[in-house]
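# Analysis of the macromolecular model
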Amino acid sequence: MISSNLKHHVYFPRNSDDWKVIQDKFYKMYNMPGIGGCIDCTHIKIQNPGGPDSEAFRNRKGYFSLNVQVVCGPSMEFFDVVIRWPGSYHDSFIFSGSYANQYFADPTHNVILLGDGGYACKPYLFTPLRNPITPAEQKYNKSHIRTRNIIERAFGLWKRKFPCLRRGLANAPNTIVNIILSCALLYNLSRQFNQNNTDSDDQEDHLEEEEHHEMIKEIDNNVLGHIARRAFIIRHFS
């Protein structure tokens, strides 16, 4: 089974030297220092699974889905994939119980995630400011949104390469999970061997929509996250 080899192809960088390479690549994009990954969720449509808990799979857009969490790197490669939550579950809830949360919370890794306003701002997960006022805040928001847009582009490429993810899956639950995991593994292989060269067309397609999307989704944030983000803005964008 292809998905059984996932850990060999979808994983976080192995050491501090690898993380330094990742951070340098992110910085060269839009001047966001210290970034180790971008996080978001995407909905994969499924058929009604039936049973007493079936409505948990109906997402806010009204169709049945799995809400799949992905952490991606600067080359749109996948570092981590979580596929077990029904479509009605919020992105921030999925992150709170994930290995990625534990991993980035560990200060020894010293890397920062970028997420949209649907996540709580944490010392290791920065979200955009809701109402940027100062020039430094505006620079931060612009750099943040443009950098984090890479995961939107990655989702677009992933679903174009594997149309079943876009059309939806009507298989048994365990089979659906294995299909999605296999698509993630094969996607990373395609990135590794440079078989996907159509990503540039997607860069601005999502940007305007994403700015609006992020600004309206902000939720109550962690106080320490606010403090860390403020210090980050002063240090790097003032």
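From a predicted model like this one, the values you see are computed outputs, not experimental measurements.

## Overview of helix α4 (residues 135–161)
Counted at 1.5 Å a residue, the expected span for α4 with its 27 residues is 39 Å, and the 40 Å between its end C-alpha atoms agrees. Counting buried residues in α4 gives 20 out of 27 residues, a clear majority hidden from the surface.

## Some points on a nonpolar patch on the surface
Taken together, Val223, Leu224 and Ile227 make up a surface patch of nonpolar side chains, about 320 Å² in accessible area. Inspection of the secondary structure puts Leu224 in helix α8 (residues 223–237). On the accessibility criterion, Leu224 (56% relative accessible area) is exposed.

## Looking at the pattern of salt bridges
Going through the model one piece at a time under the given rule, you end up with five salt bridges. A salt bridge links Asp24 to Lys20, with the shortest nitrogen-to-oxygen separation between them at 3.0 Å. Of this pair, Asp24 and Lys20 both sit in helix α1 (residues 16–30), separated by four residues, roughly a single helical turn. By relative accessible area, Lys20 is classed as partly exposed at 44%. Residue Asp40 pairs with Arg148 through a salt bridge whose shortest N-O separation is 3.5 Å. Pair noted here: Asp40 is in strand β1 (residues 35–45) and Arg148 is in helix α4, with a separation of 108 residues, a long-range link. The pair Asp40 / Arg148 is uniform in exposure class, with both members buried. Residues joined in a network through salt bridges with shared partners are Asp40, Arg148 and Glu152.

The rules behind these values
Residues numbered from 1 in each chain as written. Predicted model: local features only at pLDDT ≥ 70, side-chain atom pairs only at ≥ 80, totals over all residues. Heavy atoms only, no water. Helix = DSSP H or I, 4+ residues; strand = E, 2+ residues; numbered from the N terminus. Expected span 1.5 Å × (residues − 1). Buried < 20%, exposed > 50% of the residue type's maximum accessible area, 1.4 Å probe, protein only. Patch = residues over 30% accessible without salt bridge, like charges linked within 9 Å, V, L, I, M, F, W, Y side chains within 5 Å. Areas by Shrake-Rupley, 256 points an atom, 1.4 Å probe, with all protein chains shown as cover. Salt bridge = Lys/Arg side-chain N within 4 Å of Asp/Glu carboxyl O.

So yeah, pure geometry; function would need other evidence.
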